[in-house]
Amino acid sequence: MSQSPLHEAEYYDVIDEENQVIQCRLCPIECTLLVGEKGKCFSRVNLEGKMYSLTYGYTDMKIDMIEKQHVFHFYPNSRVQTFSTYNCNLDCDYCAMPDNIGIDPAQIGAKKYAPDQAAMFGVASGSKIIAFGEAEPLISFEWVRDTATLAQQRNLKVLLRTNAYFNKEPVKEILECVDAVTIDIKSVSDIGYQQKCHAGTFEEVKKIIKLIYEKEKLLELNFVIHEALENTEEQTRKIAEWIRKELSVSVPLHLARLLPAHRLKELQPTTTELLERCYQIAKEVGLDFVYLNDVPDHEASNTYCPKCGELLIYRGASATEVRRISLQGNCNKCEAQLDIVFK
Ligand code: SF4
C-alpha cells in the first residue's frame, strides 16, 4: 500500500458497525466490503470500517485535441488538458487501457497530483478545457470533483468522459462542476453488458444518460460497432430510436470503430462498410448529428447543418476546420440555431 495518506471516500454506508462492514454506494454494483477488502473496481478499500480511495490523485496527463475524445459539439478544434485516471467498474473484453485497470497505482509508481496542482496544470497548458477520461474517471469520484471544482473557479471548462454506470446521487453532485459529458455506451441490452463488460446494465446507464440530458449539460454519445459485440445495424436502430424518443434528435451519436485490444486483440477492426450501414440507419431514424469515428477523411466525420445541409465543420485526418458557423452556434447560411458550444 502507498506510504502517502489515503483519502477517505464518500458515498458509502456502514452496514454492520460491530464487524466494521461497509457498502459502497458509488455505482450500482454496491460492493459490500469486510475489513481489508477492495471493491470490484480495485479503487475503494475498507480500512477499519471506513472506505478509502486508492486512486485519489493518481493520473496520467496529456494534451490532445478535443475531437480525440469523440466530442464534436463542444469547443470544436480546441486543445484539451486530459487527465487519465486508473481503474474501472466495468471489465470490457476490448478495453483499450488494460494496463491501467485492476491495479493499485501507488504500487506501480504512478504520479499523484493534488487537485490544485492538477487544476494549475490545466491553466498552464493554455487549454480552455480539461477532460477526465480514458479509464473511468468517476471511480476516482472525490478527486475528479475536487479538481473540476477548482478548474471551474479558474475559468476552465470541464469535460467528463464516462461509462455512466453510476448511481444517481454522485452523478448529480459531479454535474455541479462539469460542463459537458460524453458517454461510452457498451451495448443496448443488459446481457450485452454482462457478456462483454462483465458488469453493468443498459437500464442503469439509460437512467444516467437521461439525468444528464435533463440537467442540460452538453451531451454526446459513443457506440462501438462490431459484429463480435453484437453491436451492428439492429442495435444502432434501437439506440437511435431511443435517443429520438427519450432525448432529442440533436444529441450527437458517434459510431466508433472497434480497435482490437485486450481479450479481443485477435479480431479484425470494424469494417468501414458496416460503420456506413449503421450510419445510414441512424440517419434514417432521424438523428441530426451522426458521426463515424476513427475513419479518416470520411465525410460522415463532418458536421452539416440539419436544416440546409451546409458543411459547417470539416474534420480531416490531421485537422479540423470550422467553416460556416457563427460563434453563437448558428449556421452562417440559413441561421439555424445548433447545439454547438464555442464560448
Ligand atoms: S465504485 Fe467500486 S467499490 Fe464502489 S460499488 Fe462500484 S465497483 Fe464497488
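The preceding data block contains the structure.
The structure contained in this document is the topic of the report that follows.

A few words now on the sheet that holds strand S1 (residues 7–8). Taken in spatial order, the three strands make up an open sheet running S1-S6-S5, and their pairing is antiparallel. Each end of this open sheet is capped by a strand with a single partner; those strands are S1 and strand S5 (44–47).

If you walk across this open sheet you meet the three strands as S15-S16-S17, and the pairing is antiparallel. The two strands at the open ends of the sheet, each matched to only one other strand, are strand S15 (303–304) and strand S17 (320–322). Relative to S17, strand S16 (residues 311–315) is paired through three bridges, and the arrangement is antiparallel. In the strand pairing of S17, Arg315 is matched with Thr320.

A positive phi is found at His262, a non-glycine position, where the angle reads about 55°. Counting through the fold element by element, His262 comes out in the loop between strand S13 (253–257) and helix H7 (272–285). Unusually for a residue other than glycine, Asp294 sits at a positive phi of about 60°. With respect to the element layout, Asp294 can be found in the loop between strand S14 (290–293) and S15.

Time to look at the nonpolar core. If you look at the biggest cluster of nonpolar residues, it comprises 87 residues, and the most contacted ones within it are Leu159, Phe223, Leu253, Leu255 and Ala282. Ignoring any residue separated from it by four or fewer positions in sequence, one finds Ala282 in contact with Thr236, Ala240, Leu253, Leu287 and Val290. In terms of nonpolar packing, the next biggest core, distinct from the first, is built from seven residues, Cys305, Ile313, Cys331 and Leu338 among them.

Attention now goes to the packing of helix H2 (residues 141–153) against helix H3 (residues 168–175). Remark: H2 packs on H3, axes separated minimally by 10 Å, with the N-to-C direction vectors making an angle of 20°. One element, H2, and the other, H3, form an angle in the roughly parallel class. The handedness of the crossing between H2 and H3 is left-handed. Contacts between H2 and H3 involve Phe141, Val144 and Arg145 on the former and, on the latter, Pro170, Glu173 and Ile174. Classifying every residue of the contact of H2 with H3 by side-chain character gives four nonpolar, no polar and two charged.

What counts, and where the lines are drawn
- Residues numbered from 1 in each chain as written.
- Predicted model: local features only at pLDDT ≥ 70, side-chain atom pairs only at ≥ 80, totals over all residues.
- Pairing = 2+ DSSP bridges.
- Helix = DSSP H or I, 4+ residues; strand = E, 2+ residues; numbered from the N terminus.
- Core = buried A, V, L, I, M, F, W, Y, C linked by C-beta atoms within 7 Å.
- Buried ≥ 20, exposed ≤ 12 C-beta atoms within 10 Å, placed from the backbone.
- Contact = placed C-beta atoms within 7 Å.
- Axes fitted to C-alpha atoms, helices over the stretch in contact; angles between N-to-C directions.
- Parallel < 35°, antiparallel > 145°, perpendicular 65-115°, else oblique.
- Left-handed = near helix turned anticlockwise from the far one by under 90°.
- Nonpolar A, V, L, I, M, F, W, Y, C, P; charged D, E, K, R; others polar.

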